[in-house]
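In case you want the letters, here they are:
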Amino acid sequence: MAWIVALVLFAEALGVLGVNWFLGVVVDRQDMSLAGLDPDVMSVSSKAGGVVFGLYFGLCGVVALLVALRDRAPAGFGKVLLISAAVVHALLGAFAWGLIGWTAFLFMVVVLTLIVLLLMTYDGRPGEPDEPVDAGTPVSPPAAPTAP
């Protein structure tokens, strides 16, 4: 499961980066403006947004890849990152339904489902603690009660 999620997130990272970069180039070459905004600012903003979101989804893909390689649930920052990616896909799915159509909505829901399945299937597996245990500290048994 984690391998599929990692592959999908890496593909999505490249797709988001490519689409935003392409839009920035189109705005730059057409010298378009929206409500009087500077076309150069719009072009650079589109490219920067593509890089930021591409890196974000790429980092989420790295977390999913680490989950697949280690066969352990994500912890700490990685878990928070995957949860935030699930929320982002839920919001993008809601916007996609109204702005783009049902196919984009379906893609976002599939990716959301994959991320949630990754979080649910690796979370709470038997024999795996939620947080690492310090193996260097000896644990002593409780003292026996003494009679008066």
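Since we're looking at a predicted model, the values are computed, not measured.

Colleague: Could you give an account of helix α4 (residues 102–122), with specific residues and numbers?
Modeller: Its 21 residues give α4 an end-to-end C-alpha distance of 30 Å, which sits within 8% of 30 Å, the value for a rise of 1.5 Å per residue. For α4, the complete set of buried residues consists of A104, M108, V111, L114, I115, L118, L119 and Y122. Viewed along the axis of α4, the buried residues span an arc of 130 degrees, placing them on a single side of the element. For α4, the exposed residues lying more than 90 degrees away from the buried face are W102 and M120. The inward-facing, buried residues of α4 abut α1 (2–30), α2 (39–70) and α3 (77–99).

Colleague: Just give me the short version of the layout of surface pockets, but keep the residues and values in it.
Modeller: Approximately 300 Å³ is the volume attributed to the largest pocket. Forming the boundary of the largest pocket are E12, V16, F53, F57, L92, F95, A96, L99, I100, A104, F107 and M108. Residue assignment for the lining of the largest pocket shows that the elements contributing at least two residues are α1, α2, α3 and α4. At four residues, α3 tops the list of elements feeding residues into the lining of the largest pocket. The residue makeup of the lining of the largest pocket, split by class, is 11 nonpolar, no polar and one charged.

Calculation notes
- Residues numbered from 1 in each chain as written.
- Predicted model: local features only at pLDDT ≥ 70, side-chain atom pairs only at ≥ 80, totals over all residues.
- Heavy atoms only, no water.
- Helix = DSSP H or I, 4+ residues; strand = E, 2+ residues; numbered from the N terminus.
- Expected span 1.5 Å × (residues − 1).
- Buried < 20%, exposed > 50% of the residue type's maximum accessible area, 1.4 Å probe, protein only.
- Arc of directions from axis to C-beta.
- Contact = heavy atoms within 4.5 Å.
- 1 Å grid on protein atoms, 1.4 Å probe; cavity = no way out; pocket = protein on both sides within 12 Å on 5 of 7 lines; lining within 4 Å.
- Points joined across faces, edges and corners; volume = space filled by probe spheres on them.
- Nonpolar A, V, L, I, M, F, W, Y, C, P; charged D, E, K, R; others polar.

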